[in-house]
Structure formats: structure tokens, C-alpha cells
Amino acid sequence: MNQTVTVSITEDQRDCYQEISNVAMGQAADLLARLLDVKVILPIPVVNLIEVNELRMALSGIENTESVSGVCQGFIGNGISGEALLIFNDTSFADISSLLKYGGITDSSLELELLMDVANILIGACLRGVGEQLDVGFSQGHPVVLGQHVNLTDLIKAKNYRWTKTLAIEINYKIEGYDINCDLLLLFTEDAIGVLNEKVNYLLED
Amino acid sequence: MAIPVLICDDSSFARKQMARSLPEGWDVELSFACNGEEAIQAIKDGKGEILFLDLTMPVLDGFGTLAQIRKEDLNTMVIVVSGDIQPEAHAEVMGLGALDFIKKPASKDKIKEVLTRFGIL
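Residues numbered from 1 in each chain as written. Chains lettered and ligands numbered in written order. Predicted model: local features only at pLDDT ≥ 70, side-chain atom pairs only at ≥ 80, totals over all residues. Heavy atoms only, no water.

Remarks on the overall build of chain B
Rule in force here: In this text, helices come from DSSP runs of H or I with a minimum length of four residues, and strands from runs of E with a minimum of two, each type numbered from the N-terminal end. Only the C-alpha atoms count toward the radius of gyration. The rule for a globule is 2.2 Å times the residue count to the power 0.38. Only protein chains enter the area calculation, which uses a 1.4 Å probe; residues under 20% of their type maximum are buried, those over 50% are exposed, and those in between are partly exposed. Contact criterion: two residues are considered in contact whenever any of their non-hydrogen atoms come within 4.5 Å of each other.
The helix and strand inventory of chain B stands at 5 helices and 5 strands. The secondary structure elements of chain B, listed N-terminal to C-terminal, are β-α-β-α-β-α-β-α-β-α. Computed over the C-alpha atoms, the radius of gyration of chain B is 13 Å, within 12% of the 14 Å expected from 2.2 N^0.38 for a compact globule of 121 residues. Referenced to the eigenvectors of the C-alpha coordinate spread, the extents of chain B come out at roughly 30 × 30 × 25 Å. Each of the 121 residues in chain B was classed as buried or not, and the buried ones make up 51%. Taking the intrachain contacts of chain B between residues at least 6 apart in sequence as the baseline, contacts between residues at least 24 apart amount to 64%.

Comments concerning the environment of Asn201(A)
Residue and element names in this part refer to chain A. Note on placement: asparagine 201 falls in helix α6 (residues 190-205). Residue classification places asparagine 201 among the partly exposed residues on the basis of a relative accessible area of 29%. Taking the C-alpha atoms as reference points, asparagine 201 and valine 52, separated by 149 residues in sequence, lie 25 Å from one another.

So, helix α1 (residues 11-36) of chain A
All names here are of chain A. What counts here: Residue count minus one, scaled by 1.5 Å, sets the expected span of a helix.
In this model, α1 (26 residues) spans 36 Å end to end at C-alpha, consistent with the 38 Å of a helix rising 1.5 Å per residue. Counting buried positions along α1 gives 19 out of 26 residues, so the element sits mostly inside the fold. Just downstream of α1 lies aspartate 37, where phi reads positive at about 55°.

Notes on the UniProt feature "modified residue: 4-aspartylphosphate" (unreviewed entry) in chain B
All names here are of chain B. Short version of the rule: UniProt positions are given in the numbering used here, feature names are shortened, and annotations may be inferred rather than shown by experiment.
Residues annotated by UniProt as "modified residue: 4-aspartylphosphate" (unreviewed entry) correspond here to Asp54. Looking at where aspartate 54 falls in the secondary structure, it is placed in the loop between β3 (50-53) and α3 (62-71). Setting aside residues up to four positions removed in sequence, aspartate 54 forms contacts with Cys8, Asp9, Asp10, Gly62, Val81, Ser82 and Lys104.

Here we look at the side chain of Gln18(A)
The residue Gln18(A) is located in helix α1 in this model. Beyond its immediate sequence surroundings of up to four residues, Gln18(A) is in contact with Ile44(A), Pro45(A), Val47(A) and Asp10(B).

Description of the interface of chain B and chain A
Heads up, the condition is: A quick way to say it: buried area is the sum, across both parts, of accessible area lost when two parts are put together, with a 1.4 Å probe. Every case where a carboxyl oxygen of Asp or Glu lies within 4 Å of a side-chain nitrogen of Lys or Arg is listed as a salt bridge.
With 19 residues of chain B in contact, the opposing surface of chain A contributes 22 residues. By the criterion of area lost to chain A, the three top residues of chain B are Phe13(B), Thr56(B) and Gln86(B), representing 34% of everything that side buries. Joining chain B to chain A, the criterion identifies 2 salt bridges. We note a salt bridge from Glu92(B) to Lys39(A), for which the minimum N-O separation is 2.9 Å.

Here's the deal with the pairing of strand β5 (residues 100-103) of chain B
All names here are of chain B. As a reminder, the rule being used: Here, strands pair whenever DSSP counts at least two bridges between them. We call a crossover right-handed when, viewed with the strands running away from us, the connection from the first strand over the helix to the second turns clockwise.
Sheet topology places strand β4 (residues 77-82) next to β5; 4 bridges connect them, and they run parallel. Note that in β5 the partner of valine 80 across the bridge is phenylalanine 101. Between the parallel pair β4 and β5, the chain is carried across by helix α4 (residues 87-95), and the sense of this crossover is right-handed.

Side note on empty space enclosed by the protein
Residues and elements named next belong to chain B. Note the cut-off: Only protein atoms enter the calculation, which uses a 1 Å grid: trapped sets of points that fit a 1.4 Å probe without letting it out are cavities, open sets showing protein on both sides within 12 Å along at least five of seven lines are pockets, and any residue with an atom within 4 Å of a point is a lining residue. Grid points are joined across faces, edges and corners, and a volume is the space filled by probe spheres set on the points.
Summed over all chains, the structure comprises 2 cavities of 30 Å³ or more. Its boundaries defined by the atoms lining it, the largest cavity holds a volume of some 120 Å³. Surrounding the largest cavity, 15 residues form its lining, Asp9, Ala14, Met18, Val81 and Lys104 being those nearest its centre. For the lining of the largest cavity, the secondary structure elements donating two or more residues are β1 (3-8), α1 (12-20) and β3. Top contributing element to the lining of the largest cavity by residue count: α1, with 3 residues.

Quick notes on the packing of aromatic side chains
Residue and element names in this part refer to chain A. Note the following rule: Pairing of aromatic rings covers Phe, Tyr and Trp, the last through its six-membered ring, and needs centres within 6.5 Å; plane angles under 30 degrees mean stacked, over 60 mean edge-to-face, and all others mean tilted.
Applying the stated criterion across every chain yields a total of 4 aromatic pairs over all chains. When the ring of phenylalanine 88 is compared with that of phenylalanine 93, the centres are 5.5 Å apart and the planes differ by 45°; the resulting orientation is tilted. Grouping residues by exposure puts phenylalanine 88 and phenylalanine 93 together as buried. Here the aromatic residues Phe75, Phe138 and Phe188 are joined through ring pairs into a cluster of three or more.

What about the side chain of Asn181(A)?
All names here are of chain A. Stated formally: N or O atoms within 3.5 Å of each other form a polar contact, as long as, within protein, one can give a hydrogen and the other can take it, and as long as residues adjacent in sequence are counted only when both atoms are side-chain atoms.
Tracing the backbone through its elements, the reader meets asparagine 181 in strand β8 (residues 181-188). Judged by relative accessible area, which is 9%, asparagine 181 ranks as buried. In terms of polar contacts, asparagine 181 uses its side chain to reach the backbone carbonyl oxygen of glycine 61, at 3.3 Å. Residues contacting asparagine 181, with those up to four places away along its chain left out, are Gly61, Ile62, Ile87, Phe88, Asn89, Ser92, Asn172, Tyr173 and Lys174.

With respect to the UniProt feature "domain: Response regulatory" (unreviewed entry) in chain B
Residues annotated by UniProt as "domain: Response regulatory" (unreviewed entry) correspond here to residues 4-119 of chain B. Secondary structure across residues 4-119 of chain B divides into 41% helix and 22% strand, with the first and last C-alpha atoms of the span separated by 16 Å.

Here we look at the pattern of salt bridges
Pairing is possible between side chains of opposite charge, provided their charged atoms come close. Residue and element names in this part refer to chain B. Applying the stated criterion across every chain yields a total of 14 salt bridges over all chains. Residues aspartate 9 and lysine 104 are paired through a salt bridge, measuring 2.7 Å at the closest nitrogen-oxygen approach. Of this pair, aspartate 9 sits in the loop between β1 and α1 while lysine 104 sits in the loop between β5 and α5 (108-117), placing them 95 residues apart in sequence. Ionic pairing is found between arginine 117 and glutamate 113, a salt bridge with its closest N-O pair at 2.8 Å. Of this pair, arginine 117 and glutamate 113 are both found in helix α5, 4 residues apart, which corresponds to roughly one turn of the helix.

Rendered as C-alpha cells:
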């Protein structure tokens, strides 16, 4: 029996994942824009099939010298499972705190609350958006704090995945006129990629 | 006579999706562009009497394309089709002269409704 199953995505499939992410991140950004009463600058989502140990490279929107905080949240639905990571540049919290009328005050516990609130909104909306387009209903697990005020390498070092390859979608949100920068990463497991590719093929053929 | 219709989006999947969502039996001559610069050229070549325009694109994005169309006073009717559904983005493209704004993924019914409303169909 062949033990090494080669997972891959074609250029058409990659393009399709990118467009699906584009629509989903727009829906998520709209919610964030309404919550904070700001304009969210939308990037072009980056879709890559990578080794889990190359995760650091997928987080291109954040410098390693920056102090960051992050949460992760597992999700599963119709045979597709994965994990969402939301990582904030720590300088973001003062502005988020002002925008949410906490008067710019930040301490670790308030920061954690803000982080969880924004994570719930962005991750939930993004997964809903992806799910709607692929006809999958995702259930989300509890968000888990990865770390606060650490550098990026240390933050993701704490993760220990059982999968080796992952389909990674990176969305870097910035907010116009504010020092808010966060990276939303959707990681689909190796086993999910085959199921996802089938769904995407259906959309491509349609 | 067939109307020259241009679909501008950086994603080939989105371009196809848009093309097959156009009303059936609508007599069009369809062209495609991958970014705003290509779209501007296609309009100048007479291929874009009606332009379906995405916003988030490399090279020249949808906002820049609308600004360029206005600056050069190009003859085209622009319908923005975008995943950026923030009210600000909507207001900005309308201010830049777009006919209307359709959120992605665009449905057949919505496209038909907009085209009918503007007397295009």
C-alpha cells in the first residue's frame, strides 16, 4: 500500500480558493468595520499549500520583531477540519480600545477580552462565508489563547500539529487611519484538502 | 447588434462565474480583463460599453480604474461587482461614477434586475 498520499492543488483550484476567501473576508471585514466604525483595508488573500513547519512564512503580514498576541480556534464540518489563527500586532490594542470606547486603556486582561471579541467576529464570519460558498456548515470550537506579548516565532512554536501539509489562507487586515494590523490564517488539514478540492472542482465545472 | 461587455477581475474563476451569470439570450460580445489597466485598454478598443468591475485587484484596482475612466472621460457604464461590501466602499465607488454595486457572489437575478433598472436589458 502506498503510504505517501500526495496532496496538491492546481492553479485553477488555487485561484478558486482565493476568490472564495476574497468574498468571505469581505463579509468579515464588513462586520469589523461596523463594530469599530472604521474602514477596513482589504488585501488580496494569499493561498498556499505548505508544510506545517513553514507556517512562519505564511504569516507574511507580521514582522518577527513585533510583539504579538494571538488566539486559535478549531473548526469542523462535512469532513473538513482545520484551525483558524488570529494574530494581532500588540500596538493594535490601544487603538481598538479607543474605538470601542474603552478610552485607549489597555491591560493584559482587557487586551485578552478585545482579542477574543475580534477573533469571534472575524473567524466566525470568515468561516461562514467560506462555508456558504462551498455548501459546508462549520462548527467552531472554543477559542484558545496562543500567547500574549511574545514574538511570532514563539507564538506559533507552541502549536503542535499532527498534520504535515496544510492549505493555508492568509488574510492581512489593516484599518485605515489606525495602527491596527492583524493576520487571519485559515489552516485546513491534510485530510481536508481532498474534500475541499472536490467541492472546488464542482464549482469550477458548473 | 451585440453589446460589447467587459468583465474585469483578477480571478479567472470569478470571471467565469460572472460570465455564466449574465442573462440568457442577452446579445453580447464578451471580453475579459485581469486588472484595471487591461480594462482601460479594452474600453479604448471599444470592448467595454458595459463593464463589470471587481475592486480588489493587483496593478490597478477598481477604485483606480473608476478614477481613470472619469479622468479620461471614457464611454462605458460601470457596474461594480465586489466582495468588499463595506458601506464606505459602496459609497466611494458610487461617488466615482459607478452605476451600481453588486455584492459577490453575484446572482443571476440581481444582475438581471440591475441591467433592467438601467434600461440596458
